[in-house]
Number of protein chains: 4
Amino acid sequence: MKTCLFRIIQPSDGYKPSYIFDWTILALIFASVLSVFAETFALSDPALAVFDRIEIITSIVFSVEYALRLWTADLLHPSLPPWKARLRYVFSGLAIVDLVAILPFWVPVLFPGQLLGLRAVRLVRILRILKLNRYMEAIAVIGGVFRRKARELAASCIFIFFLMLFSSLLMYHAEHDVQPDKFTNAFAGLWWAVATLTTVGYGDIYPITAFGRFLGAVTALLGVGLVAIPTGILSAGFVEHFSRSSKPPAPPRRCPHCGKELPRG
Amino acid sequence: MKTCLFRIIQPSDGYKPSYIFDWTILALIFASVLSVFAETFALSDPALAVFDRIEIITSIVFSVEYALRLWTADLLHPSLPPWKARLRYVFSGLAIVDLVAILPFWVPVLFPGQLLGLRAVRLVRILRILKLNRYMEAIAVIGGVFRRKARELAASCIFIFFLMLFSSLLMYHAEHDVQPDKFTNAFAGLWWAVATLTTVGYGDIYPITAFGRFLGAVTALLGVGLVAIPTGILSAGFVEHFSRSSKPPAPPRRCPHCGKELPRG
Amino acid sequence: MKTCLFRIIQPSDGYKPSYIFDWTILALIFASVLSVFAETFALSDPALAVFDRIEIITSIVFSVEYALRLWTADLLHPSLPPWKARLRYVFSGLAIVDLVAILPFWVPVLFPGQLLGLRAVRLVRILRILKLNRYMEAIAVIGGVFRRKARELAASCIFIFFLMLFSSLLMYHAEHDVQPDKFTNAFAGLWWAVATLTTVGYGDIYPITAFGRFLGAVTALLGVGLVAIPTGILSAGFVEHFSRSSKPPAPPRRCPHCGKELPRG
Amino acid sequence: MKTCLFRIIQPSDGYKPSYIFDWTILALIFASVLSVFAETFALSDPALAVFDRIEIITSIVFSVEYALRLWTADLLHPSLPPWKARLRYVFSGLAIVDLVAILPFWVPVLFPGQLLGLRAVRLVRILRILKLNRYMEAIAVIGGVFRRKARELAASCIFIFFLMLFSSLLMYHAEHDVQPDKFTNAFAGLWWAVATLTTVGYGDIYPITAFGRFLGAVTALLGVGLVAIPTGILSAGFVEHFSRSSKPPAPPRRCPHCGKELPRG
């Protein structure tokens with residue numbers, strides 16, 4: 001029975017009950033996310049009661065699921081002793097997501113006191129969609145590219161970070177005297193720099209002096225260029241990955257004429 | 001005569017009447033799109049009458065064209081029995097576009113009652129430009145890249161989707177008390193999150209508290225990074241496609257032991 | 001003397017007078033562009049007179065240069081008869097730029113009457129920087145990539161164009177009743193759609209109804225995705241170009257042992 | 001002792017004291033940057049005194065570090081005579097960063113007079129994070145790609161630059177009469193063009209006439225396309241770099257005529 005349960009809760013690859021289980025969990029995730037959003041409306045009491053019930057039901061289902069996964073973790077790593085297998089499971093990426101998703105329900109139950117802000121944390125449940133079998137490989141691809149190009153990405157982020165701090169401080173000095181209520185301190189300059197470098201540009205804060213506008217123009221143009229660097233690195237990382245993986249390591253070939261093994265290439 | 005008609009209405013590849021037919025249809029599409037836009041102006045009655053006539057003429061021409069294509073569909077799939085060929089045509093991508101483009105004209109005629117909102121649907125006619133022979137291959141290339149990289153793209157969209165929902169809820173909690181008229185509920189937060197992550201930034205809604213701005217800055221920076229992932233995946237997909245299709249056939253390899261030619265593979 | 005002049009006005013590759021000529025022209029271009037911008041300030045008469053003189057001088061220099069290039073065009077295409085060589089020169093890309101750059105000066109002189117709006121056209125002189133020897137190859141690379149990927153780029157632009165027209169019309173219908181002064185007609189919707197799809201987002205026009213915001217969010221997200229397609233195509237085009245050109249067609253190799261020609265690969 | 005000191009201040013690769021030294025410097029950099037930002041708040045005198053002390057301490061530490069690096073520079077280039085080694089060090093990229101970072105402290109000390117604006121320059125210290133051993137290679141990769149593709153990037157920047165100047169002047173002429181307080185002169189048009197082409201779009205300045213909006217839409221669409229060119233070039237540059245460095249050595253080729261191994265090349 002344990003093996004059967006294990007097979008059901010693992011990402012489905014053709015097994016019908018496992019498929020049904022996956023979609024039930026997905027439906028519960030969407031119900032739960034919807035209720036988190038709906039609760040922010042000024043609702044009548046009966047409506048709120050419905051959403052409260054949804055939260056209780058989904059939280060209990062997800063808790064039971066977590067317990068089952070913990071119980072069957074020894075089947076996931078058959079080579080390890082059970083307690084080690086369970087420990088490894090507890091600290092795996094998506095198991096932490098699972099735990100974080102159910103904690104906001106149990107913390108106020110176990111330790112009374114209002115922690116409503118924690119409700120947003122329930123949204124991590126969305127990430128569980130990635131647990132579906134079909135996304136497993138894609139996540140590994142994206143994660144692998146980020147890992148392999150980590151240093152180049154970090155170096156380009158340091159440049160962006162420097163440009164952000166530098167331009168924000170210069171802009172603060174350039175505009176503080178003219179717009180003391182907008183550029184109140186260097187952190188207001190930082191807010192401007194983020195809005196400019198990411199090209200969001202809300203328009204709540206912007207330079208009005210000639211020098212400030214010159215600075216702003218240079219920052220915006222450099223920003224577009226700097227953002228192109230990590231994009232280029234990521235593109236190259238994906239190209240590298242796909243070009244590699246599209247040529248799987250073939251078994252050694254043999255010459256059909258003399259039967260000897262051929263060198264690779 | 002049927003074969004001749006068939007050749008005319010098929011995408012032209014050198015045949016003169018077919019070329020003229022293509023451009024007539026294109027001209028009618030532009031006239032029709034222009035009239036859809038022009039009708040939204042507060043116009044005098046004679047002007048509206050002109051646009052009404054344009055709509056009637058183009059709709060009838062497109063309807064006749066659809067009928068002709070349906071009639072000659074058996075020449076498109078000569079290996080199938082006529083009724084099967086026609087059915088396959090009806091459910092092909094661009095035939096659905098054709099049908100959708102003429103329906104808004106016939107629905108109110110057949111079932112009286114105002115359905116003016118449907119007029120916008122006539123704009124799908126624009127997509128028919130893609131039917132020109134020259135775009136056939138390009139569409140196949142773009143579609144193929146999306147299909148091959150569907151899982152990686154979907155996985156990165158789930159991350160963006162999660163960041164969108166998560167940041168919108170946190171932002172709602174951070175700003176609701178200070179700007180209750182802007183961040184009225186979590187959906188206002190979602191509107192903010194979309195404007196920020198896509199870097200549109202209209203400026204109708206933005207954080208003003210210190211924590212809200214910190215959240216907003218983190219969201220904007222993460223957003224730029226997350227948007228770079230699908231761009232990189234698409235780039236790599238196109239590189240993969242073009243490098244495959246342009247790779248010249250390698251010369252035959254030879255066995256280093258006996259010198260004879262090796263079979264490909 | 002004609003050959004000497006020809007060598008001077010051609011893009012320099014080491015010849016000193018040609019180098020000096022290039023930089024003189026560049027300096028005049030910058031003086032001319034600066035004067036076009038400076039004239040828009042409310043200036044005193046003496047200042048305006050200076051800028052007028054700059055325009056007269058640069059225009060005459062550029063006219064003389066154009067005449068010289070036309071005169072020496074037969075040395076550029078020595079295989080053609082002189083009149084054919086000159087005609088070919090007149091219709092080459094950068095010669096048209098040259099002509100357009102001097103016309104705004106001569107048109108009012110030859111045909112009196114105010115054509116001040118034409119002054120902006122003088123800015124095409126900036127494009128002449130590309131005539132420098134060092135950019136010749138880069139321009140060819142960029143142009144070549146655009147030409148080779150023209151159909152894929154055009155097809156993705158048609159999608160963007162369709163999304164733009166479609167969302168603008170829907171948005172007009174969604175918001176016209178609530179904001180009749182903003183979404184006055186479908187062209188106002190088009191202005192909104194361009195600002196949203198290019199992620200500029202000035203904030204002068206945006207949806208405020210729930211359905212309008214939903215439409216706007218979908219448009220913005222689709223827009224980001226659609227813009228990633230041409231970026232990816234261009235990336236792949238450049239990758240293809242550089243990977244090809246970095247392996248120049250080598251001369252046929254020969255086996256050092258037996259001296260016979262080897263197959264490519 | 002000099003060799004020992006040299007080993008400590010060089011980027012760490014496993015040596016413990018060098019590792020500790022690196023992290024101490026990093027901590028001081030962050031303290032210094034934080035104090036530059038904190039000083040812009042309207043603070044009480046005791047708080048300002050703390051930040052003043054932080055600046056004095058970090059500046060002295062960085063000065064001592066610079067002196068030590070200068071002293072041990074002959075060990076960095078052992079093949080050069082000491083004075084040449086020191087001169088080469090002084091003019092190397094990150095040594096200039098070091099010097100610029102300490103100058104704002106010493107200039108007012110040596111030449112009294114207020115130069116507070118120079119304080120922002122202290123932020124270049126952030127760039128010293130790149131000195132860490134782990135980023136050395138990444139910086140070389142990014143720098144190399146920019147150097148190899150410099151001409152293509154410059155050529156595409158000239159196009160962007162031209163579009164920027166051209167559209168700003170046209171927009172000035174189109175909108176000056178209707179919004180004389182916004183589009184006061186062509187430089188205001190330039191500010192609009194930068195905000196539009198980088199898609200920042202603050203919303204402080206935008207066209208309102210029909211022709212102005214048409215111009216603005218064309219500019220925004222062309223701008224998105226033009227920005228995609230350098231992104232594509234950078235992507236291709238990174239692809240080229242990574243594919244070169246990761247390509248495994250091919251197996252030796254053999255002559256198809258005699259079967260003997262061929263030399264590489």
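Thresholds applied
- Residues numbered from 1 in each chain as written.
- Chains lettered and ligands numbered in written order.
- Predicted model: local features only at pLDDT ≥ 70, side-chain atom pairs only at ≥ 80, totals over all residues.
- Heavy atoms only, no water.
- Helix = DSSP H or I, 4+ residues; strand = E, 2+ residues; numbered from the N terminus.
- Buried < 20%, exposed > 50% of the residue type's maximum accessible area, 1.4 Å probe, protein only.
- Contact = heavy atoms within 4.5 Å.
- Areas by Shrake-Rupley, 256 points an atom, 1.4 Å probe, with all protein chains shown as cover.
- Domains from an automatic or database assignment.
- Phe/Tyr/Trp six-rings, centres within 6.5 Å; stacked < 30°, edge-to-face > 60°.
- Lys NZ or Arg CZ within 6 Å of the ring centre and 35° of its normal.
- Salt bridge = Lys/Arg side-chain N within 4 Å of Asp/Glu carboxyl O.
- Axes fitted to C-alpha atoms, helices over the stretch in contact; angles between N-to-C directions.
- Parallel < 35°, antiparallel > 145°, perpendicular 65-115°, else oblique.
- Left-handed = near helix turned anticlockwise from the far one by under 90°.
- Nonpolar A, V, L, I, M, F, W, Y, C, P; charged D, E, K, R; others polar.

### Considering the overall build of chain A
Thinking step 1. When helices and strands are counted, chain A shows 10 helices and 0 strands.
Thinking step 2. Here chain A holds 265 residues, and 47% of them are scored as buried.
Thinking step 3. For chain A, restricting intrachain contacts to residue pairs at least 6 apart in sequence, the fraction spanning at least 24 positions comes to 60%.
Thinking step 4. A total accessible area of about 13,000 Å² is found for chain A, and carbon and sulfur atoms account for 69% of it.

### What about the domain arrangement of chain A?
Thinking step 1. Annotation of chain A at the domain level lists domain 1 (2-135) and domain 2 (150-246).
Thinking step 2. Its C-alpha centre places domain 1 of chain A at a distance of 38 Å from the equivalent point of domain 2 of chain A.

### Re the packing of aromatic side chains
Each aromatic ring pair is characterised by the separation of its centres together with the angle its planes make.
Thinking step 1. Under the definition given, this model contains 32 aromatic pairs over all chains.
Thinking step 2. Look at Phe41 of chain A and Phe187 of chain B: their rings are 5.5 Å apart centre to centre, the planes differ by 45°, and that puts the pair in the tilted class. You can see Phe41 of chain A sitting in the loop between α2 (16-38) and α3 (45-71) and its partner Phe187 of chain B sitting in helix α9 (residues 186-197), one on each of two chains.
Thinking step 3. Residue classification places Phe41 of chain A among the partly exposed positions, given a relative accessible area of 32%.
Thinking step 4. Using a relative accessible area of 39% as the deciding quantity, one classes Phe187 of chain B as partly exposed.
Thinking step 5. With 5.9 Å between their ring centres and 40° between their planes, Tyr206 of chain A and Tyr202 of chain D make a pair best called tilted. You can see Tyr206 of chain A sitting in the loop between α9 (186-197) and α10 (210-245) and its partner Tyr202 of chain D sitting in the loop between α9 (186-197) and α10 (210-246), one on each of two chains.
Thinking step 6. Site record: aromatic cluster; members linked through ring pairs are Phe37 and Phe41 of chain A together with Phe187 of chain B.
Thinking step 7. Its end group placed over the ring of Phe242 of chain A, Lys149 of chain B keeps NZ or CZ at 3.6 Å from the ring centre.

### Let's talk about the pattern of salt bridges
Thinking step 1. Taken as a whole and assessed by the stated rule, the structure comprises 17 salt bridges over all chains.
Thinking step 2. A salt bridge links Arg86 of chain A to Asp74 of chain A, with the shortest nitrogen-to-oxygen separation between them at 3.6 Å. Residue Arg86 of chain A is found in helix α5 (residues 82-90), and its partner Asp74 of chain A is found in helix α4 (residues 73-76); the two are separated by 12 residues along the sequence.
Thinking step 3. For Asp74 of chain A, a relative accessible area of 17% translates into the label buried.
Thinking step 4. Here Lys2 of chain D makes a salt bridge to Asp74 of chain D, at a shortest N to O gap of 2.9 Å.

### A few points about the packing of helix α8 (residues 150-175) of chain C against helix α9 (residues 186-197) of chain C
Residue and element names in this part refer to chain C.
Thinking step 1. In contact at an axis separation of 8 Å, α8 and α9 are set at 130° when each is read in the N-to-C sense. By the angle between their directions, the pair α8 and α9 is classed as oblique. When the axes of α8 and α9 are compared, the crossing they make is right-handed. Counting all contacts with α8, which are made through Ile160, Leu163, Met164, Leu165, Ser167, Ser168, Leu169, Met171 and Tyr172, the residues of α9 involved are Ala186, Gly189, Leu190, Trp192, Ala193, Val194 and Leu197.

### Comments concerning unusual backbone geometry
All names here are of chain B.
Thinking step 1. With a phi close to 60°, Thr199 is a non-glycine residue in the positive phi region.
Thinking step 2. Structurally, Thr199 can be placed in the loop between α9 and α10 (210-246).
Thinking step 3. Look at Thr199 and you get buried, because its relative accessible area is 11%.

### Section: the packing of helix α1 (residues 2-9) of chain C against helix α2 (residues 16-38) of chain C
Residues and elements named next belong to chain C.
Thinking step 1. Remark: α1 packs on α2, axes separated minimally by 7 Å, with the N-to-C direction vectors making an angle of 55°. Considering the angle they form, α1 stands oblique to α2. On α2, the residues that touch Arg7, Ile8 and Ile9 of α1 are Pro17, Ser18 and Phe21.
Thinking step 2. Counted by class, the contact of α1 with α2 contains 4 nonpolar, 1 polar and 1 charged residues.

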